[in-house]
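One-letter residues, chain by chain:
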Amino acid sequence: MAAYEQTLDWTTYWEEAGETDRDDADASGEYIVSPLLELFEQRGVPSSYADVGCGPGSAVFAVADRYPETTVVGYDAAEPVLDTNRMRVTQEDYDNVAFEQAVLPSFAPERQFEVVSSFYTLCYVPEIEQALQALYDAVEPGGYLVLTYHNQYAQSMFTNIAKQPHEYLDKDSAWNPDHFAERFAGVIEGNSILSYRKIHDILGVWPQSLWSVVETERYRAWRQNPLVFVPKP
Ligand SMILES: C[S@@+](CC[C@H](N)C(=O)[O-])C[C@H]1O[C@@H](n2cnc3c(N)ncnc32)[C@H](O)[C@@H]1O
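Bear in mind that the values here come from a model prediction, so they are computed numbers and not experimental data. Along each chain, the written sequence defines residue order, and numbers are assigned to residues from 1. Per-residue local features are limited, in this predicted model, to residues with pLDDT of at least 70; the limit for side-chain atom pairs, both in listing and counting, is 80 or more; totals at the level of whole chains, interfaces and linings are taken over all residues.

Engineer: Is there a simple way to think about the pairing of strand β1 (residues 48-52) in this case?
Structural biologist: Consecutive side chains of a regular strand alternate in pointing toward one face of the sheet and then the other. Note on burial: count the other C-beta atoms lying within 10 Å of the residue's C-beta; 20 or more is buried, 12 or fewer is exposed, in between is partly exposed, and C-beta positions come from the backbone. Elements are defined by DSSP. Helices are runs of H or I of four residues or more, strands are runs of E of two residues or more, and each kind is numbered from the N terminus. Among the five residues of β1, four are classified as buried, and the element is accordingly described as predominantly covered. By this definition, two strands are paired if DSSP reports at least two bridges between them. Taken together, the five bridges between β1 and strand β2 (residues 71-76) define a ladder with parallel strand orientation. Bridge pairing in β2 links A50 to V73. Orienting the strands away from the viewer, one traces the path from the first strand over the helix to the second; a clockwise path indicates a right-handed crossover. Chirality of the crossover, the property in question, places the unit of β1, helix α4 (residues 58-66) and β2 among those that are right-handed.

Engineer: Explain the sheet that holds β1 here, please?
Structural biologist: Ordered in space as β3-β2-β1-β4-β5-β7-β6, the seven strands form an open sheet in which the pairing is mixed. The open sheet has two edge strands, β3 (97-101) and β6 (208-209), and neither has a second partner. Sheet topology places strand β5 (residues 139-148) next to strand β7 (residues 227-231); five bridges connect them, and they run antiparallel. Within β7, the position partnered with T148 by the bridge is L227. A pair of residues counts as a contact when their C-beta atoms, built from backbone coordinates, are within 7 Å of each other. Here an angle of 0 to 180 degrees is reported between the N-to-C directions of two axes, which are lines fitted to C-alpha atoms, with helices fitted over the stretch in contact. Where α4 meets the sheet, its contacts fall on β1, β2, β3 and β4 (113-118), and the angle it forms with β2 comes to roughly 175°. Its contacts with the sheet place helix α5 (residues 79-91) against β2 and β3, and it is angled at close to 165° to β3.

Engineer: Just to check I follow, could you spell out the packing of helix α3 (residues 27-43) against α4 for this structure?
Structural biologist: Two quantities define a packed helix pair, namely the angle between the axes and the distance from one axis to the other. With their axes 9 Å apart at the nearest point, α3 and α4 run at an angle of 35° to one another. In this structure, α3 crosses over α4, and the sense of that crossing is right-handed. Mapping the contact onto sequence places S28, G29, I32, V33, L36 and L37 in α3 and S58, A59, A62 and R66 in α4. Classification used: nonpolar for Ala, Val, Leu, Ile, Met, Phe, Trp, Tyr, Cys and Pro, charged for Asp, Glu, Lys and Arg, polar for all others including Gly. Of the residues assigned to the contact of α3 with α4, the class counts are six nonpolar, three polar and one charged. In this scheme the handedness of a crossing depends on how the near helix is turned from the far one: anticlockwise by less than a right angle means left-handed, clockwise means right-handed.

See the structure below:
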């Protein structure tokens, strides 16, 4: 079993995904696209952008739509979701988008990108420090990395949910109560969480909150799932 399949088998998930499953694993579409595009407007439109753990590619397609001159690549571990995304590229005739497989903690693309991002994915990677370094290594000097991650508040909240998942998670939840503890074992056990200090200790640069520079309203879980960017000198 591949490392990324230990907490949730994403290949099977995307193979079997119906519309609700796709929406449930599309947090970027709901929470990230607006602040990300606002950040680009403020800091300058990047000439190249990569999103790792892209899922159905909301961030990828939004950037490609808004900035046709930007080269955009979406990476994910699961081939079925990449295949669906590639079909969309063909059907909608994009000429600035590609989708490739990458399985964190390894990420060694053939080129660097001005902006690299990873949203709602590092929580599934036990070797989070290695993954963070690999993502940052793929950023061009002068560019930046954009991330959401789970922190100690998420760890404490998820630990409580895992004790009584049926109390907290109803049928409308994006998470199956029977598999919650297994799915988020990395967060609950503290292997797949980060903090500002930890990011600084690994990369040697302090992250900055996106909410300190954009006006888009924060999403509800901003305290336990910070949205940050890390400039690369
Ligand atoms: C919760 S979804 C988030 C999708 C998208 N980033 C978003 O925010 O809407 C997590 C995604 O990460 C992918 N993934 C899980 N483990 C991964 C790994 N080790 N390397 C790369 N992608 C991974 C899954 O296939 C899935 O598409």
